[in-house]
Amino acid sequence: MDIKIILGILFVLLPSISAANFLDSEIGARQTGMGGAFVGISDDASTAYWNPAGLDELKNVELVYLYGRRYNKGGISFFGLVQPTTSLAGGTWGLFYLQEDIVEIQDNIPKRKGIEETTISFGWGKKMNGGFESMPFGLLVGANLKLLKTGELNNTSRGAAIDIGLLLKPKEILPGTKEIKIGMILRNPLRTKVGSAKLASAKLASEKLASEKPASGFNLGFGVLMDKKINIGKGIELSNIILSADVNHPEGESLKVRFGTEMFVNQKLFWRMGTNNGDIAFGAGIIVSQWQIDYGVSLNSPKSSHQIAARLRY
């Protein structure tokens, strides 16, 4: 009963349907540097957003906070938490808080529209080992309950949506690889849309946003963790090399393809590169004790998008 009350309060005070948040944004400095190809990787605290099926891969409590300026979205703030547990239906629980400013592009200049989108999500993921041992792959499942709010001037709409995620891990892997993952996520499969009559009747810029933005989407991701170290001379060694690729298909939009890679340099630094539907991206990270600091940039035309994040693991 207490959980129902809490969810009811959040539903009233916070959430609302935001078409952009139902679909796919490049959330995370690490993910931005990899071109947004992360659905098949899903191995840090932002997994609660990217693919909740990957939550049960995490062994430690993780927190992440990021801030970014994106050319096509304005400002963005994100907080994520992952808590492994053996109670509460088993598996691993995660949550995230996301806030975005919406801008529109006029003559290649971003202009803030005065619209803010806020999302709070509760996610759960679990390894489905029992009963699937004979299958040629490991299976992880997960889901998100998202509570959202979109506000412009004195108008606010609220609602809720779900995401459903899967993660497959083939048991027979290719030579030279340590792990292979195939991730899939359905975003808002119930096709929930902004449901405010006030917004729908008002002759505002948000009317176009509410009526034309798609409300569901599908992502397919592929990730490979290499099992080799590469020496490139002058004492520089690359390890924990990740190769990833995503296909993103928001409803009503064209197919988007992303590629990314991450390399651990001399056990100190991360270097990342990728391409996001043709836009070049790169990033870097450093580990300091239990902290990891990441930066990512996507070279969108005509202006770039930047994100910086701090992650704590304990």
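This text follows the structure it describes.
Everything in this summary refers to the structure shown in the same document. In this text, all values refer to a predicted model and were calculated from it rather than measured experimentally.

**Structural notes on the overall build of the protein**
Along the backbone of the protein there are 6 helices and 15 strands. Considering only contacts within the protein whose residues lie at least 6 apart along the sequence, 57% involve residues at least 24 apart.

**A short note on the side chain of Ser42**
Structurally, Ser42 can be placed in the loop between α3 (29-33) and α4 (47-50). When its relative accessible area of 0% is taken as the criterion, Ser42 is described as buried. With sequence-adjacent residues up to four places away left out, Ser42 is seen in contact with Thr47, Asn51, Gly54, Leu58 and Lys181.

**Examining unusual backbone geometry**
At Ser42, a residue that is not glycine, the phi angle is positive and equals roughly 45 degrees. Positive phi outside glycine occurs at Asn188, with the angle close to 50 degrees. Here Asn188 is to be found in the loop between β7 (177-187) and α5 (197-201). What makes Asn188 buried here is its relative accessible area of 0%.

**Some words on the nonpolar core**
Ranked by size, the top nonpolar core spans 23 residues in total, and within it Ile27, Tyr49, Trp50, Leu66, Phe78, Phe96 and Leu98 carry the most contacts. Those elements giving two or more residues to this core turn out to be α4, β1 (62-70), β2 (74-84) and β3 (92-106).

**Describing the packing of aromatic side chains**
For the structure on display, the rule yields 6 aromatic pairs. On the numbers, 5.5 Å between centres and 25 degrees between planes, the contact of Phe78 with Phe96 is stacked. With Phe78 in strand β2 and Phe96 in strand β3, the pair connects residues that are 18 residues apart, well separated along the chain. Residue Phe78 is classed as buried on the basis of its relative accessible area, which comes to 0%. Residue class for Phe96 comes out buried when judged on its relative accessible area of 1%. A centroid spacing of 6.3 Å and a plane angle of 25 degrees characterise the contact between Trp271 and Phe282, whose relative ring orientation is stacked. Here the residue Trp271 occupies a position in strand β12 (residues 269-276), and Phe282 occupies one in strand β13 (residues 279-288), the gap between them amounting to 11 residues. According to the relative accessible area criterion, Trp271 is partly exposed, its value standing at 37%.

**Here we look at the pairing of strand β8 (residues 217-226)**
When β7 meets β8, the two strands line up antiparallel, connected through 10 bridges. Bridging from a neighbouring strand, Thr177 pairs with Met226 of β8. As defined by bridge partners, β8 adjoins strand β10 (residues 237-250) across 9 bridges and the pair is classed as antiparallel. Paired with Phe218 across the strands is His249, a residue of β10.

**Quick notes on a nonpolar patch on the surface**
A surface patch of nonpolar side chains, amounting to about 980 Å² of accessible area, comprises Tyr65, Tyr67, Phe79, Tyr97, Leu269, Ile286, Val288, Trp291, Ile293, Tyr295 and Ile308. For the nonpolar patch, the elements supplying multiple residues, two or more each, are β1, β13 and β14 (291-298). At 3 residues, β14 tops the list of elements feeding residues into the nonpolar patch. If you trace the backbone, Phe79 turns up in strand β2. Given the relative accessible area of 30%, Phe79 is considered partly exposed.

**Here we look at the pairing of strand β15 (residues 305-313)**
Where β1 meets β15, 8 bridges bridge the pair, whose relative direction is antiparallel. In the strand pairing of β15, Gly68 is matched with Gln307. Sheet analysis places β14 next to β15, joined by 8 bridges and oriented antiparallel. If you follow Val297 over to β15, its bridge partner there is His306.

Calculation criteria
- Residues numbered from 1 in each chain as written.
- Predicted model: local features only at pLDDT ≥ 70, side-chain atom pairs only at ≥ 80, totals over all residues.
- Heavy atoms only, no water.
- Helix = DSSP H or I, 4+ residues; strand = E, 2+ residues; numbered from the N terminus.
- Contact = heavy atoms within 4.5 Å.
- Buried < 20%, exposed > 50% of the residue type's maximum accessible area, 1.4 Å probe, protein only.
- Core = buried A, V, L, I, M, F, W, Y, C linked by side-chain atoms within 4.5 Å.
- Phe/Tyr/Trp six-rings, centres within 6.5 Å; stacked < 30°, edge-to-face > 60°.
- Pairing = 2+ DSSP bridges.
- Patch = residues over 30% accessible without salt bridge, like charges linked within 9 Å, V, L, I, M, F, W, Y side chains within 5 Å.
- Areas by Shrake-Rupley, 256 points an atom, 1.4 Å probe, with all protein chains shown as cover.
- Salt bridge = Lys/Arg side-chain N within 4 Å of Asp/Glu carboxyl O.

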